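# Analysis of the macromolecular model
Chain by chain, the residues:
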Amino acid sequence: MSHEDQSLPRHQEGRDVRGPPQNPSHDPFESDRERRYRILFENSPLSLWEEDWSEVQDYFERLRVRGVTDLAAWFDEHPESVLECVRRVRVLDVNQVTLDLLHARDKQELVRNLEEFFTEASLDTFRQELIALASGKRHFEAESVHRTLTGEVIDVAVYLSVVPDAGTSSPTVLVSLLDITKRKRAEAELRRERKTLREMLEFQEHERRLIGYEIHDGLAQQLAGAILLLQSFREQRSASLPSESWSTFDAACQLLDEAMAESRRLIDSLRPLALEEDGVLPAIEALVGQVRDRWGLEVEYVPDVRFDRLAPTIESALFRIVQEALTNARRHSRSKRVRIALSEEADRLRVEIRDWGTGFDPHGIPPGHFGLEGIRERARLLGGEATIESAPGQGTSIHVHLPLSWPNGT
(Lines give C-alpha, C1' and ligand atoms only; values in the text may rest on other atoms or scores of the structure.)
Protein backbone atom coordinates (compact mmCIF):
# COMPACT_ATOMS: atom_id res chain seq x y z
CA MET A 1 0.00 0.00 0.00
CA SER A 2 1.32 3.40 -0.96
CA HIS A 3 1.14 6.08 1.71
CA GLU A 4 2.12 9.01 -0.48
CA ASP A 5 -0.44 11.77 -0.87
CA GLN A 6 -3.12 9.93 1.07
CA SER A 7 -5.76 12.61 0.55
CA LEU A 8 -7.97 12.01 -2.45
CA PRO A 9 -9.87 14.73 -4.30
CA ARG A 10 -13.19 15.05 -2.48
CA HIS A 11 -16.30 14.34 -4.45
CA GLN A 12 -18.46 17.33 -5.11
CA GLU A 13 -21.56 16.39 -3.12
CA GLY A 14 -24.99 16.41 -4.69
CA ARG A 15 -27.23 13.42 -5.06
CA ASP A 16 -30.26 13.32 -7.27
CA VAL A 17 -33.33 11.16 -7.08
CA ARG A 18 -34.79 10.12 -10.38
CA GLY A 19 -36.34 7.15 -12.08
CA PRO A 20 -34.43 4.16 -13.45
CA PRO A 21 -31.81 4.78 -16.14
CA GLN A 22 -33.37 5.43 -19.50
CA ASN A 23 -32.29 3.27 -22.40
CA PRO A 24 -33.41 4.88 -25.66
CA SER A 25 -35.17 2.24 -27.70
CA HIS A 26 -37.62 1.96 -30.51
CA ASP A 27 -39.12 -1.17 -28.95
CA PRO A 28 -42.93 -0.54 -28.79
CA PHE A 29 -43.12 -2.65 -25.62
CA GLU A 30 -40.49 -0.57 -23.79
CA SER A 31 -43.01 1.79 -22.20
CA ASP A 32 -45.04 -1.19 -20.92
CA ARG A 33 -41.94 -2.74 -19.35
CA GLU A 34 -41.09 0.60 -17.79
CA ARG A 35 -44.57 0.87 -16.27
CA ARG A 36 -44.40 -2.66 -14.90
CA TYR A 37 -40.99 -1.90 -13.42
CA ARG A 38 -42.31 1.22 -11.71
CA ILE A 39 -45.33 -0.66 -10.30
CA LEU A 40 -43.18 -3.52 -8.96
CA PHE A 41 -40.59 -1.13 -7.55
CA GLU A 42 -43.05 1.14 -5.79
CA ASN A 43 -45.23 -1.66 -4.43
CA SER A 44 -42.52 -3.99 -3.22
CA PRO A 45 -42.98 -5.00 0.44
CA LEU A 46 -39.23 -4.52 0.88
CA SER A 47 -37.32 -1.27 1.10
CA LEU A 48 -35.68 -0.87 -2.32
CA TRP A 49 -32.83 1.46 -3.31
CA GLU A 50 -31.51 1.96 -6.82
CA GLU A 51 -28.01 3.42 -6.63
CA ASP A 52 -25.27 4.57 -8.98
CA TRP A 53 -21.83 3.50 -7.69
CA SER A 54 -19.75 4.95 -10.53
CA GLU A 55 -18.14 7.53 -8.21
CA VAL A 56 -17.26 4.73 -5.77
CA GLN A 57 -15.77 2.74 -8.62
CA ASP A 58 -13.67 5.77 -9.60
CA TYR A 59 -12.50 6.01 -5.97
CA PHE A 60 -11.41 2.37 -6.01
CA GLU A 61 -9.57 2.90 -9.30
CA ARG A 62 -7.67 5.89 -7.92
CA LEU A 63 -6.64 3.81 -4.93
CA ARG A 64 -5.41 1.04 -7.22
CA VAL A 65 -3.40 3.52 -9.28
CA ARG A 66 -1.74 4.69 -6.08
CA GLY A 67 -0.76 1.12 -5.22
CA VAL A 68 -3.46 0.27 -2.67
CA THR A 69 -4.11 -3.46 -3.03
CA ASP A 70 -5.59 -4.26 0.38
CA LEU A 71 -8.81 -2.28 0.75
CA ALA A 72 -9.53 -3.68 4.22
CA ALA A 73 -6.15 -2.49 5.48
CA TRP A 74 -6.73 0.91 3.85
CA PHE A 75 -10.05 1.30 5.67
CA ASP A 76 -8.40 0.23 8.93
CA GLU A 77 -5.81 3.01 8.54
CA HIS A 78 -8.26 5.54 7.08
CA PRO A 79 -11.71 4.89 8.62
CA GLU A 80 -12.92 8.25 7.32
CA SER A 81 -12.68 6.77 3.81
CA VAL A 82 -15.78 4.66 4.48
CA LEU A 83 -17.86 7.79 5.04
CA GLU A 84 -16.25 9.30 1.96
CA CYS A 85 -17.60 6.36 -0.05
CA VAL A 86 -21.05 6.90 1.47
CA ARG A 87 -20.96 10.42 0.03
CA ARG A 88 -19.99 9.08 -3.39
CA VAL A 89 -23.01 6.80 -3.70
CA ARG A 90 -25.69 8.47 -5.86
CA VAL A 91 -29.21 7.40 -4.91
CA LEU A 92 -31.26 7.13 -8.09
CA ASP A 93 -34.55 6.10 -6.53
CA VAL A 94 -36.22 4.59 -3.45
CA ASN A 95 -39.71 3.25 -2.94
CA GLN A 96 -42.39 4.27 -0.46
CA VAL A 97 -41.54 1.42 1.95
CA THR A 98 -38.07 2.95 2.32
CA LEU A 99 -39.52 6.33 3.26
CA ASP A 100 -41.83 4.70 5.79
CA LEU A 101 -39.03 2.55 7.24
CA LEU A 102 -36.69 5.48 7.78
CA HIS A 103 -39.42 8.01 8.70
CA ALA A 104 -38.63 10.36 5.82
CA ARG A 105 -41.31 12.67 4.43
CA ASP A 106 -40.10 12.39 0.84
CA LYS A 107 -37.18 11.15 -1.24
CA GLN A 108 -35.42 14.49 -1.21
CA GLU A 109 -35.39 14.60 2.60
CA LEU A 110 -34.05 11.06 2.74
CA VAL A 111 -31.18 11.79 0.33
CA ARG A 112 -30.25 15.07 2.05
CA ASN A 113 -29.91 13.25 5.38
CA LEU A 114 -28.43 9.99 4.16
CA GLU A 115 -25.45 10.02 6.53
CA GLU A 116 -27.74 10.34 9.54
CA PHE A 117 -29.10 6.86 8.93
CA PHE A 118 -25.74 5.26 9.56
CA THR A 119 -24.70 3.88 12.92
CA GLU A 120 -21.33 2.43 13.85
CA ALA A 121 -22.71 -1.01 12.99
CA SER A 122 -24.13 0.02 9.61
CA LEU A 123 -20.92 1.82 8.67
CA ASP A 124 -19.07 -1.42 9.35
CA THR A 125 -21.60 -3.28 7.18
CA PHE A 126 -21.12 -0.71 4.41
CA ARG A 127 -17.36 -1.21 4.74
CA GLN A 128 -17.90 -4.94 4.17
CA GLU A 129 -20.06 -4.14 1.13
CA LEU A 130 -17.30 -1.99 -0.35
CA ILE A 131 -14.68 -4.69 0.14
CA ALA A 132 -16.97 -7.36 -1.34
CA LEU A 133 -17.79 -5.35 -4.46
CA ALA A 134 -14.21 -4.19 -4.93
CA SER A 135 -13.14 -7.85 -4.97
CA GLY A 136 -15.56 -8.59 -7.80
CA LYS A 137 -18.51 -10.01 -5.90
CA ARG A 138 -21.91 -9.13 -7.29
CA HIS A 139 -24.02 -10.02 -4.26
CA PHE A 140 -23.78 -9.23 -0.56
CA GLU A 141 -26.02 -9.81 2.46
CA ALA A 142 -25.70 -9.08 6.16
CA GLU A 143 -27.62 -7.94 9.22
CA SER A 144 -27.04 -4.45 10.49
CA VAL A 145 -28.43 -1.55 12.52
CA HIS A 146 -29.70 1.74 11.09
CA ARG A 147 -31.19 4.88 12.57
CA THR A 148 -34.35 6.59 11.33
CA LEU A 149 -34.72 10.33 10.87
CA THR A 150 -36.64 10.40 14.16
CA GLY A 151 -33.71 8.78 15.97
CA GLU A 152 -35.20 5.28 16.35
CA VAL A 153 -32.69 2.44 16.08
CA ILE A 154 -33.86 -0.43 13.86
CA ASP A 155 -32.39 -3.81 12.91
CA VAL A 156 -32.33 -4.59 9.21
CA ALA A 157 -31.28 -7.38 6.88
CA VAL A 158 -29.31 -5.90 3.98
CA TYR A 159 -29.27 -7.47 0.50
CA LEU A 160 -27.16 -5.91 -2.24
CA SER A 161 -26.85 -6.90 -5.90
CA VAL A 162 -24.98 -5.40 -8.81
CA VAL A 163 -27.44 -5.17 -11.69
CA PRO A 164 -25.97 -7.19 -14.59
CA ASP A 165 -27.32 -4.96 -17.33
CA ALA A 166 -29.02 -1.75 -16.34
CA GLY A 167 -28.72 -0.24 -19.80
CA THR A 168 -25.94 2.10 -18.69
CA SER A 169 -22.16 2.02 -18.44
CA SER A 170 -22.34 3.12 -14.79
CA PRO A 171 -22.39 0.34 -12.16
CA THR A 172 -25.97 0.20 -10.85
CA VAL A 173 -26.59 -1.43 -7.49
CA LEU A 174 -29.95 -2.57 -6.14
CA VAL A 175 -30.15 -2.58 -2.34
CA SER A 176 -33.04 -3.93 -0.29
CA LEU A 177 -33.61 -3.56 3.44
CA LEU A 178 -35.85 -5.80 5.50
CA ASP A 179 -36.95 -4.61 8.94
CA ILE A 180 -36.04 -7.42 11.38
CA THR A 181 -36.31 -5.36 14.55
CA LYS A 182 -39.14 -7.44 16.04
CA ARG A 183 -37.31 -10.66 15.27
CA LYS A 184 -34.03 -9.45 16.78
CA ARG A 185 -35.78 -8.18 19.89
CA ALA A 186 -37.64 -11.49 20.24
CA GLU A 187 -34.34 -13.34 19.88
CA ALA A 188 -32.73 -11.09 22.49
CA GLU A 189 -35.68 -11.64 24.83
CA LEU A 190 -35.43 -15.39 24.31
CA ARG A 191 -31.71 -15.28 25.09
CA ARG A 192 -32.42 -13.30 28.26
CA GLU A 193 -35.14 -15.77 29.23
CA ARG A 194 -32.87 -18.74 28.68
CA LYS A 195 -30.05 -17.07 30.58
CA THR A 196 -32.37 -16.36 33.50
CA LEU A 197 -33.72 -19.91 33.54
CA ARG A 198 -30.21 -21.38 33.28
CA GLU A 199 -29.17 -19.25 36.22
CA MET A 200 -32.23 -20.47 38.11
CA LEU A 201 -31.29 -24.09 37.38
CA GLU A 202 -27.72 -23.44 38.49
CA PHE A 203 -29.03 -21.73 41.63
CA GLN A 204 -31.29 -24.72 42.24
CA GLU A 205 -28.30 -27.06 41.97
CA HIS A 206 -26.37 -24.81 44.36
CA GLU A 207 -29.27 -24.90 46.83
CA ARG A 208 -29.46 -28.69 46.55
CA ARG A 209 -25.79 -28.95 47.46
CA LEU A 210 -26.22 -26.58 50.41
CA ILE A 211 -29.18 -28.58 51.74
CA GLY A 212 -27.15 -31.75 51.29
CA TYR A 213 -24.29 -30.26 53.28
CA GLU A 214 -26.69 -29.17 56.02
CA ILE A 215 -28.24 -32.63 56.27
CA HIS A 216 -24.77 -34.17 56.37
CA ASP A 217 -23.40 -31.76 58.97
CA GLY A 218 -26.60 -31.52 61.02
CA LEU A 219 -29.20 -34.28 60.95
CA ALA A 220 -26.85 -37.07 59.86
CA GLN A 221 -24.29 -36.21 62.54
CA GLN A 222 -27.00 -36.09 65.20
CA LEU A 223 -28.36 -39.47 64.12
CA ALA A 224 -24.86 -40.93 64.15
CA GLY A 225 -24.30 -39.56 67.64
CA ALA A 226 -27.59 -41.02 68.91
CA ILE A 227 -26.72 -44.43 67.48
CA LEU A 228 -23.31 -44.38 69.16
CA LEU A 229 -24.86 -43.41 72.50
CA LEU A 230 -27.39 -46.22 72.30
CA GLN A 231 -24.69 -48.72 71.41
CA SER A 232 -22.66 -47.52 74.39
CA PHE A 233 -25.73 -47.78 76.62
CA ARG A 234 -26.29 -51.37 75.51
CA GLU A 235 -22.71 -52.30 76.34
CA GLN A 236 -22.70 -50.62 79.76
CA ARG A 237 -26.16 -51.46 81.17
CA SER A 238 -27.32 -54.57 79.43
CA ALA A 239 -27.47 -56.62 82.69
CA SER A 240 -29.77 -54.18 84.52
CA LEU A 241 -32.67 -54.26 82.04
CA PRO A 242 -35.21 -57.03 81.70
CA SER A 243 -35.11 -58.97 78.44
CA GLU A 244 -38.54 -57.73 77.30
CA SER A 245 -37.23 -54.13 77.30
CA TRP A 246 -34.59 -54.96 74.72
CA SER A 247 -37.15 -55.54 71.96
CA THR A 248 -38.27 -51.90 72.26
CA PHE A 249 -34.66 -50.76 72.48
CA ASP A 250 -33.69 -52.75 69.37
CA ALA A 251 -36.70 -51.40 67.48
CA ALA A 252 -35.63 -47.85 68.31
CA CYS A 253 -32.09 -48.62 67.15
CA GLN A 254 -33.48 -50.11 63.94
CA LEU A 255 -35.49 -46.95 63.24
CA LEU A 256 -32.40 -44.81 63.84
CA ASP A 257 -30.37 -46.97 61.45
CA GLU A 258 -33.08 -46.62 58.81
CA ALA A 259 -33.21 -42.84 59.36
CA MET A 260 -29.44 -42.71 58.96
CA ALA A 261 -29.64 -44.67 55.69
CA GLU A 262 -32.43 -42.38 54.47
CA SER A 263 -30.40 -39.27 55.29
CA ARG A 264 -27.46 -40.67 53.30
CA ARG A 265 -29.81 -41.34 50.37
CA LEU A 266 -31.16 -37.80 50.56
CA ILE A 267 -27.65 -36.36 50.67
CA ASP A 268 -26.58 -38.38 47.65
CA SER A 269 -29.74 -37.35 45.79
CA LEU A 270 -29.20 -33.66 46.56
CA ARG A 271 -25.44 -33.54 45.86
CA PRO A 272 -24.16 -36.72 44.21
CA LEU A 273 -20.49 -36.91 45.19
CA ALA A 274 -19.76 -39.07 42.14
CA LEU A 275 -21.04 -36.29 39.88
CA GLU A 276 -18.84 -33.66 41.50
CA GLU A 277 -15.73 -35.79 41.83
CA ASP A 278 -15.80 -38.31 38.97
CA GLY A 279 -18.14 -36.91 36.33
CA VAL A 280 -21.56 -37.72 34.92
CA LEU A 281 -20.84 -41.21 33.55
CA PRO A 282 -19.78 -42.75 36.92
CA ALA A 283 -22.55 -40.74 38.63
CA ILE A 284 -25.22 -42.28 36.40
CA GLU A 285 -23.68 -45.70 36.95
CA ALA A 286 -23.86 -45.18 40.73
CA LEU A 287 -27.47 -43.96 40.40
CA VAL A 288 -28.35 -47.07 38.39
CA GLY A 289 -26.79 -49.25 41.09
CA GLN A 290 -28.83 -47.54 43.80
CA VAL A 291 -32.07 -47.99 41.84
CA ARG A 292 -31.30 -51.67 41.29
CA ASP A 293 -30.48 -52.29 44.93
CA ARG A 294 -33.22 -50.17 46.49
CA TRP A 295 -36.15 -50.77 44.15
CA GLY A 296 -35.27 -54.00 42.37
CA LEU A 297 -35.52 -52.48 38.87
CA GLU A 298 -33.64 -54.21 36.06
CA VAL A 299 -31.71 -51.24 34.61
CA GLU A 300 -29.50 -51.62 31.54
CA TYR A 301 -26.95 -48.78 31.20
CA VAL A 302 -25.12 -48.44 27.85
CA PRO A 303 -22.75 -45.41 27.74
CA ASP A 304 -21.45 -45.61 24.13
CA VAL A 305 -19.55 -42.29 24.23
CA ARG A 306 -15.97 -41.06 23.88
CA PHE A 307 -15.95 -38.16 26.38
CA ASP A 308 -14.85 -38.39 30.00
CA ARG A 309 -16.12 -35.06 31.34
CA LEU A 310 -18.47 -32.37 30.07
CA ALA A 311 -19.16 -28.81 31.17
CA PRO A 312 -20.65 -28.79 34.70
CA THR A 313 -23.96 -27.35 33.47
CA ILE A 314 -24.39 -30.12 30.90
CA GLU A 315 -23.31 -32.85 33.33
CA SER A 316 -25.77 -31.63 35.93
CA ALA A 317 -28.63 -31.44 33.40
CA LEU A 318 -27.87 -34.91 32.01
CA PHE A 319 -27.76 -36.45 35.48
CA ARG A 320 -31.04 -34.81 36.54
CA ILE A 321 -32.75 -35.91 33.29
CA VAL A 322 -31.74 -39.55 33.86
CA GLN A 323 -32.64 -39.29 37.55
CA GLU A 324 -36.11 -37.91 36.75
CA ALA A 325 -36.71 -40.52 34.04
CA LEU A 326 -35.82 -43.35 36.44
CA THR A 327 -38.06 -41.86 39.12
CA ASN A 328 -40.98 -41.68 36.66
CA ALA A 329 -40.37 -45.27 35.53
CA ARG A 330 -40.31 -46.49 39.14
CA ARG A 331 -43.32 -44.53 40.36
CA HIS A 332 -45.69 -44.57 37.40
CA SER A 333 -44.82 -47.14 34.74
CA ARG A 334 -44.73 -50.25 36.94
CA SER A 335 -42.09 -51.53 34.54
CA LYS A 336 -39.50 -53.94 35.86
CA ARG A 337 -37.05 -53.06 33.11
CA VAL A 338 -35.45 -49.78 32.03
CA ARG A 339 -32.77 -49.15 29.41
CA ILE A 340 -30.52 -46.06 29.38
CA ALA A 341 -28.38 -45.54 26.27
CA LEU A 342 -25.94 -42.67 25.63
CA SER A 343 -24.32 -42.05 22.26
CA GLU A 344 -22.48 -39.27 20.41
CA GLU A 345 -23.61 -37.81 17.09
CA ALA A 346 -21.15 -35.20 15.79
CA ASP A 347 -21.26 -32.45 18.41
CA ARG A 348 -24.44 -33.72 20.07
CA LEU A 349 -25.15 -36.18 22.86
CA ARG A 350 -28.09 -38.50 22.31
CA VAL A 351 -29.86 -39.98 25.32
CA GLU A 352 -32.56 -42.65 25.11
CA ILE A 353 -34.40 -43.87 28.20
CA ARG A 354 -36.90 -46.67 27.55
CA ASP A 355 -39.25 -48.61 29.78
CA TRP A 356 -41.78 -51.36 29.04
CA GLY A 357 -44.43 -50.26 31.51
CA THR A 358 -48.05 -49.15 31.38
CA GLY A 359 -47.43 -46.08 29.24
CA PHE A 360 -49.70 -43.03 29.09
CA ASP A 361 -51.11 -40.36 26.80
CA PRO A 362 -48.43 -37.60 26.55
CA HIS A 363 -51.18 -35.05 25.77
CA GLY A 364 -53.24 -35.97 28.79
CA ILE A 365 -50.81 -35.38 31.64
CA PRO A 366 -52.76 -33.94 34.60
CA PRO A 367 -51.78 -30.58 36.12
CA GLY A 368 -49.14 -30.62 38.83
CA HIS A 369 -46.96 -33.29 37.18
CA PHE A 370 -43.76 -31.47 36.18
CA GLY A 371 -41.25 -34.30 35.82
CA LEU A 372 -41.46 -34.77 32.05
CA GLU A 373 -41.82 -31.03 31.46
CA GLY A 374 -38.70 -30.52 33.57
CA ILE A 375 -36.82 -32.89 31.26
CA ARG A 376 -37.96 -30.89 28.22
CA GLU A 377 -37.03 -27.56 29.81
CA ARG A 378 -33.56 -28.70 30.90
CA ALA A 379 -32.84 -29.86 27.37
CA ARG A 380 -34.28 -26.72 25.74
CA LEU A 381 -32.34 -24.33 27.96
CA LEU A 382 -29.09 -25.98 26.93
CA GLY A 383 -29.91 -25.62 23.24
CA GLY A 384 -31.13 -29.21 22.94
CA GLU A 385 -34.48 -30.91 22.75
CA ALA A 386 -36.41 -33.73 24.39
CA THR A 387 -39.29 -35.76 22.97
CA ILE A 388 -41.48 -38.20 24.87
CA GLU A 389 -43.17 -41.09 23.06
CA SER A 390 -45.75 -43.14 24.91
CA ALA A 391 -49.18 -44.70 24.66
CA PRO A 392 -51.31 -46.69 27.10
CA GLY A 393 -49.91 -50.21 27.35
CA GLN A 394 -46.94 -49.39 25.08
CA GLY A 395 -44.31 -48.21 27.57
CA THR A 396 -42.42 -44.92 27.32
CA SER A 397 -39.40 -43.70 25.34
CA ILE A 398 -37.64 -40.45 26.19
CA HIS A 399 -35.26 -39.12 23.52
CA VAL A 400 -32.96 -36.24 24.48
CA HIS A 401 -30.37 -34.39 22.41
CA LEU A 402 -27.88 -32.13 24.20
CA PRO A 403 -24.82 -30.18 23.01
CA LEU A 404 -21.47 -31.71 23.94
CA SER A 405 -19.96 -28.30 24.63
CA TRP A 406 -21.16 -25.16 26.32
CA PRO A 407 -19.91 -21.53 25.94
CA ASN A 408 -17.20 -20.67 28.48
CA GLY A 409 -17.49 -24.20 29.84
CA THR A 410 -20.23 -23.18 32.27
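Here is what the cut-offs are and how they apply
- Residues numbered from 1 in each chain as written.
- Predicted model: local features only at pLDDT ≥ 70, side-chain atom pairs only at ≥ 80, totals over all residues.
- Heavy atoms only, no water.
- Helix = DSSP H or I, 4+ residues; strand = E, 2+ residues; numbered from the N terminus.
- Expected span 1.5 Å × (residues − 1).
- Buried < 20%, exposed > 50% of the residue type's maximum accessible area, 1.4 Å probe, protein only.
- Contact = heavy atoms within 4.5 Å.
- Pairing = 2+ DSSP bridges.
- Axes fitted to C-alpha atoms, helices over the stretch in contact; angles between N-to-C directions.

With that settled, the discussion passes to helix H11 (residues 280-295). Side chains that are three or four residues apart share a direction in an α-helix, a result of its 3.6 residues per turn. Under the 1.5 Å per step criterion, the end-to-end length of H11 is 22 Å for 16 residues, consistent within 8% with the ideal 22 Å. Of all the positions in H11, only Val280, Leu281, Ala283, Ile284, Leu287, Val288, Gly289 and Val291 are classed as buried. Where H11 is buried, its residues touch helix H10 (273-277), strand S6 (298-304), helix H12 (312-333) and strand S7 (337-345). Count one or two residues on from H11 and you reach Gly296, which has phi positive near 75°.

This next bit is on the sheet that holds strand S8 (residues 348-355). Strands sit in the order S6-S7-S8-S10-S9 across an open sheet of five strands; the sheet is mixed. Only two strands of the sheet have a single partner each, and these edge strands are S6 and strand S9 (385-390). If you compare each strand with its neighbour and ignore which way they point, the axes differ by 10° on average. In the sheet, S8 pairs with strand S10 (residues 396-403) via eight bridges, with the strands oriented antiparallel. Pairing of Ile353 across the sheet is with Ile398, part of S10. Helix-sheet contacts for H11 involve S6 and S7, and the interaxial angle to S6 is about 170°.

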